[in-house]
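# Report on the structure
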Amino acid sequence: MTAPLMDAVRAVFAADGALARAEPHFHPRAGQTAMAEAVAQTIVDCGVLVVEAGTGVGKTYSYLVPALLSGKRVVVSTATKALQDQLFARDLPRLVQSLGLPLRMARLKGRSSYLCQQRLLQVRLGKQPLDAQVLRAVARVEDWSRSTRSGDMAELPDLAEDSQVIPLVTSTRDNCVGRECAHWQACHVNRARQQALEADVAVVNHHLFFADMEVRESGMAQLLPQAGVVVIDEAHQLNETGIQFAGLVLSSNQLLAYARDVMQDASDHARGMVDWLVLAARVQQAVRDWRLVASTHRSAQPRLRWQGLAPDTLDAAQWRAATVHLGQALRAVVQALAGVLEMAPALVHLQERGQLLLQRLAHFVRPAPDDAVRWLDVGRQHLRLTESPLSIARLVREQLMAGHPALEVRAFSDADLAPGGAWAAEVDEVAASAADEDGTASMEAAESAEPDGDAVLPPVSAAQPERPSTTSPITSPITPAAPDTVAAHTAWIFTSATLGLGDDLRWFTEPCGLHGAQVLRVDSPFDYAHQAALYVPESFPLPGVAQHSDAVARLAGDGAAALGGRTLVLTTTLRALEQIGRQLRARFGLLEPMDVLVQGQGSKHALMERFRAGTVNGRGCVLVASSTFWEGVDIPGDALQLVVIDKLPFPPPDDPLVEARSRQLEQLGRNPFADYVLPEAALALKQGAGRLIRTETDRGILVVTDIRLRTKGYGRSMVEALPPMRRLGTEAAWKEALQALRSPAPL
């Protein structure tokens, strides 16, 4: 089969091939063809391939063409819903038509992405008090529900991703009543899963790979064994996504949702038996008290390390008292439900949820085991308790890809869990700049989202909770998957634009347990020296000082004024986002022909649509954004010509996960700064810089307002991680480059 598939792939990418005939702007690229050939060979060999494909290579077609031509069932997974939607709605249909292949395609997301008709009915019946704004949004959802076929909430672009309506009208694994639901046959989630199982090509996301690996309800447990080709796109996020589901999570949002469901379901099925409103209200009050204790933390970061009985900087006695009070309120609900189980199946499910929440809470009362890391995320409106391993290496090798012949058979050591002496002097400096002058935390930590599902633990009796083992549920031995769980004939492709700094791509392969995988790097075809320039100001306030964000806003404003907008400002902190956005709005005001967009003041979709439109009715556009815009944002053409990054995106040194990984590297005799902190920052910087040049005709300037790129020894390695742009050494050169962008002449 090697020759037929390889010949077919080469023919498609040839100058007179199927792509050239179907797409007017297609032209052969050596890198794209080389990657496609490597993917084809991996499919034939049922191997494992890790590919870093630079921006502009066209990696999507490089893996889709050989996968589709192979005749095998294909599963493609993405980290973001944006790329998942793009693949399903644009790339796959176009390619299938170009190749003339009669293939069935399906898209599968987590259940929280789909409308739940039963939950919408409950809201419609008005059993819960809601404010007028939420009710108006519910009315829009109800109107849409009558016409939608997929039930995908993404069809409502005006509904913000963090809208209060979404958890009201979507389900979770906890509150779904299963076959007892009156809408079971017409359930959008069930239909999406069935379509994925019947499809030749299924497009999923990374969360589905991990959220339900031990239960079959997600559909992934049936889907993966049937696949002959599995492609993991945006693979650089695989480890961080996986550890969310390899561990244990308990959040205030889960607890409040449970209280709401008790108020709803128990009142419906067992009205008058118990005062359910009072019991639910006690849980809600206990959660509020719990959050109040956490709000007293004195850390600059919202992610608090947790090595003892309570998270650092919190009063241990107050934390324990609030936790015990919450446990008592939960137990009262569970015990009350035990007396009415025979009245409805929904009440049985509700009690099981309460038992599970109690068990999770009990686990977090005890100290964290030595072989796991635990932390508390303190958000503006929620708490999130997490305990996790440091990598997904064991999970990948012993469950997801158990027994795959292409991976080396080797005993696990601590080195397998590492992501990449004492902390170097640079680390102290990074710590000083990890927060703004008011100690505002990094955006990545502050925006940590609830995963689609939680780690699964068996329910226990409410009256006599199971005594937890002294072994962590996270790091206890994992039962290896049966040999046919993921068939030996499956080929695995992992790809992204950023997977490491060296040719071995160890930054990615090591924590993901992919020893033995074939590794390939394909350079970008763009002529960065002529298309783009890099400017690092000669004199600029240091990150972390009060004047830094104001100076960033002035520089970005100057650039936007010169270009008529076309400017994207990427920040690393909440404080910087708000301050830079406020300064730019004050500068341009309502009278200037400039729209200043700030993340959080509208849905991501709405912000991107306005920014892509460029100049509208004579008004330019500036977008100030943070972590979720550092990657997965594609704005080709003149709509974007200036990207400003406020400072180097070092991971916060006092983040518990960063600390634990660094300690582990020290124990192995490695340098945490060189082997972990620096690569993390360099790759994040490369991701942000990748927003600038998206096609062969794009032109632009990247500005990094962090003079450490000029003054520190590690600055050179950071610059080397970026595309080879022309350097602008002076302010005069920067202004000259801005003027050049206003004309059709090249930079």
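Let us look at the structure shown here. (Residues numbered from 1 in each chain as written. Predicted model: local features only at pLDDT ≥ 70, side-chain atom pairs only at ≥ 80, totals over all residues. Heavy atoms only, no water.)

### Points about the overall build of the protein
For the record, the criterion: Secondary structure elements are taken from DSSP: a helix is a run of H or I of four residues or more, a strand is a run of E of two residues or more, and numbering for both begins at the N terminus. A 1.4 Å probe rolled over the protein chains alone gives each residue an accessible area, and that area as a share of the maximum for its type sets the label: buried under 20%, exposed over 50%, partly exposed in between.
When helices and strands are counted, the protein shows 29 helices and 18 strands. Counting the 747 residues in the protein, one finds 56% classified as buried.

### Looking at the pattern of salt bridges
Applicable threshold: By definition here, a salt bridge exists when the distance from a side-chain nitrogen of Lys or Arg to a carboxyl oxygen of Asp or Glu is within 4 Å.
Taken as a whole and judged by the stated rule, the model has 32 salt bridges. Between D91 and R90 there is a salt bridge whose closest N-O contact spans 3.1 Å. Linking R104 and D200 is a salt bridge whose minimum nitrogen-to-oxygen distance equals 3.4 Å. Separated by 96 residues along the polypeptide, R104 in the loop between helix 5 (81–99) and strand 3 (105–107) and D200 in the loop between helix 9 (188–198) and strand 4 (201–205) bring together distant segments of the chain. Taken together, the shared-partner salt bridges in this structure form one network comprising E52, D503, R521 and K686.

### What to know about the state of the cysteines
The following threshold applies: Note on disulfides: each one is a pair of cysteine sulfur atoms within 2.5 Å.
Applying the stated criterion to the full structure yields 0 disulfides. Lacking any disulfide linkage, C181 is separated from the closest cysteine sulfur, that of C116, by 5.8 Å. The thiol sulfur of C187 is not disulfide-bonded, and the nearest other cysteine sulfur, from C176, lies at 6.4 Å.

### Here's the deal with the nonpolar core
This is how the line gets drawn: Here, nonpolar core refers to any group of buried Ala, Val, Leu, Ile, Met, Phe, Trp, Tyr and Cys residues whose side-chain atoms link them within 4.5 Å. Whether two residues touch is decided by their heavy atoms; if any such pair falls within 4.5 Å, the residues are in contact.
Ranked by internal contacts, the top residues of the largest apolar core, which has 47 residues, are F209, M401, W492, F494, F508 and L514. Apart from the residues within four sequence positions on either side, M401 is in contact with V48, V396, L407, W492, F494 and L514. If you look at the next biggest cluster of nonpolar residues, it comprises 45 residues, including F673, L702, M718 and V719.

### Some thoughts on helix 3 (residues 30–45)
Selection rule: Expected helix span is computed as 1.5 Å times (number of residues minus one).
Taking 1.5 Å as the rise per residue, helix 3 with 16 residues should run 22 Å; its terminal C-alpha atoms sit 23 Å apart, in good agreement. The set of residues buried in helix 3 consists of Q32, T33, M35, A36, A38, V39, A40, T42 and I43.

### Some remarks on the environment of W184
Looking at where W184 falls in the secondary structure, it is placed in the loop between helix 8 (166–169) and helix 9. The spacing of W184 and Q117 is 67 residues in sequence and 9.4 Å in space, taken between C-alpha atoms. Sequence-distant contacts of W184, defined by excluding residues within four places in its chain, comprise G178, R179 and N190.

### Quick word on the pairing of strand 4
Which entries qualify depends on this criterion: By this definition, two strands are paired if DSSP reports at least two bridges between them.
The buried fraction of strand 4 amounts to 5 of the 5 residues, a majority that puts the element mostly inside the structure. Two strands pair when backbone bridges link them, and strand 2 (residues 74–78) and strand 4 are joined in this way by 5 bridges, in the parallel orientation. Its bridge partner being in strand 4, V76 is matched across the sheet by V203. Relative to strand 4, strand 3 runs parallel, the two sharing 3 bridges. Its bridge partner lying in strand 4, A106 is registered against A202.

### Details of the packing of helix 14 (residues 276–294) against helix 15 (residues 316–338)
Our working definition: As a rule, the C-alpha atoms of each element are fitted with a line to give its axis, helices using only the stretch in contact, and angles between N-to-C directions run from 0 to 180 degrees. Oblique is the label for every angle not falling under 35 degrees (roughly parallel), over 145 degrees (roughly antiparallel), or within 65 to 115 degrees (roughly perpendicular). Rotating anticlockwise by less than a right angle from the far helix to the near helix defines a left-handed crossing, while the corresponding clockwise rotation defines a right-handed one. Here the nonpolar group is Ala, Val, Leu, Ile, Met, Phe, Trp, Tyr, Cys and Pro; Asp, Glu, Lys and Arg are the charged ones; every other residue, Gly included, is treated as polar.
Viewed as axis vectors pointing N to C, helix 14 and helix 15 meet at an angle of 160°, and their least axial separation amounts to 9 Å. One way to sum up the angle between helix 14 and helix 15 is to call them roughly antiparallel. Seen from above, helix 14 lies across helix 15 with left-handed handedness. Across the interface between the two elements, W276, L279, R282, V283, A286, V287, D289, W290, V293 and A294 from helix 14 touch Q318, W319, A322, T323, H325, L326, A329, L330, A332, V333, A336 and L337 from helix 15. For the contact of helix 14 with helix 15, the per-class residue count stands at 17 nonpolar, 3 polar and 2 charged.

### Some points on the sheet that holds strand 13 (residues 567–570)
Judged by pairing direction, the sheet is parallel, and its 7 strands sit side by side in the order 14-15-13-16-17-12-18 without closing on themselves. Only two strands of the sheet have a single partner each, and these edge strands are strand 14 (594–598) and strand 18 (726–728). For this sheet, the mean inter-axis angle between neighbouring strands, taken without regard to orientation, is 20°. Each of strand 13, strand 14 and strand 15 (620–625) is contacted by helix 24 (residues 604–612), which is oriented at about 145° to strand 15, the strand it contacts most.

### Regarding helix 13 (residues 252–269)
A rise of 1.5 Å per residue sets the reference length of helix 13, with its 18 residues, at 26 Å; its end C-alpha atoms lie 25 Å apart and thus fit the reference within 8%. Within helix 13, 14 of the 18 residues are buried, leaving the element largely enclosed by the surrounding structure.

### Notes on the environment of L115
On the secondary structure map, L115 appears in the loop between strand 3 and helix 6 (117–124). For the pair L115 and D152, spaced 37 residues apart in the sequence, the C-alpha separation amounts to 6.5 Å. Filtering out sequence-adjacent residues up to four positions away, L115 remains in contact with L120, V141, W144, S145, G151, M153, V169, T170 and H188.

### Some points on the sheet that holds strand 6 (residues 248–251)
Two modes of strand pairing occur in sheets, parallel and antiparallel, and in both the strands are linked by backbone hydrogen bonds. The strand order across the open sheet built from 4 strands is 6-9-8-7, with neighbouring strands paired in antiparallel fashion. The two strands at the open ends of the sheet, each matched to only one other strand, are strand 6 and strand 7 (303–305). For this sheet, the mean angle separating the axes of adjacent strands, direction not counted, is 20°. By the bridge criterion, 4 bridges tie strand 6 to strand 9 (residues 383–388) in an arrangement that is antiparallel. Across the sheet, residue V249 finds its bridge partner in strand 9, namely T386. Most of the contacts of helix 14 go to strand 9, to which it runs at about 75°, and overall it touches strand 6, strand 8 (373–378) and strand 9.

### Quick word on the side chain of S98
How we decide: Definition of a polar contact: a pair of N or O atoms within 3.5 Å, with one able to donate and the other able to accept a hydrogen when the atoms are protein atoms, and with sequence-neighbouring residues admitted only if both atoms are side-chain atoms.
Within the secondary structure, S98 is located in helix 5. One polar contact links the side chain of S98 to the main-chain carbonyl oxygen of R94, over a distance of 2.9 Å. Every residue in contact with S98, bar those within four places of it in the chain, is listed here: A18, A22 and E23.

### Concerning the pairing of strand 13
The side-chain alternation of strand 13 yields two buried faces, one formed by T567 and V569 and the other by L568 and L570. In the sheet, strand 13 pairs with strand 15 via 4 bridges, with the strands oriented parallel. What sits directly across from V569, in strand 15, is V624. Looking at chain direction, strand 13 and strand 16 (residues 642–645) are connected through 4 bridges and run parallel. From the neighbouring strand, T567 faces strand 16, where its bridge partner is L642.

### Side note on unusual backbone geometry
Of note, the phi angle at E234 is positive, near 50°, even though the residue is not glycine. If you trace the backbone, E234 turns up in the loop between strand 5 (229–232) and helix 12 (238–245). On the accessibility criterion, E234 (8% relative accessible area) is buried.

### Side note on the packing of aromatic side chains
Spelled out, the test is: When the centres of two rings from Phe, Tyr and Trp lie within 6.5 Å, Trp using its six-membered ring, the rings pair. Their planes under 30 degrees apart give stacked, over 60 give edge-to-face, and anything left gives tilted.
For the structure on display, the rule yields 10 aromatic pairs. Between F650 and Y714, the ring centres sit 5.6 Å apart and the planes meet at 90°, which makes this aromatic pair edge-to-face. Linking F650 in the loop between strand 16 and helix 25 (656–667) with Y714 in the loop between helix 27 (708–711) and helix 28 (715–721), this pair joins segments that are 64 residues apart in sequence. The rings of W290, W306, W319 and F364 are connected pair by pair, giving a single aromatic cluster.

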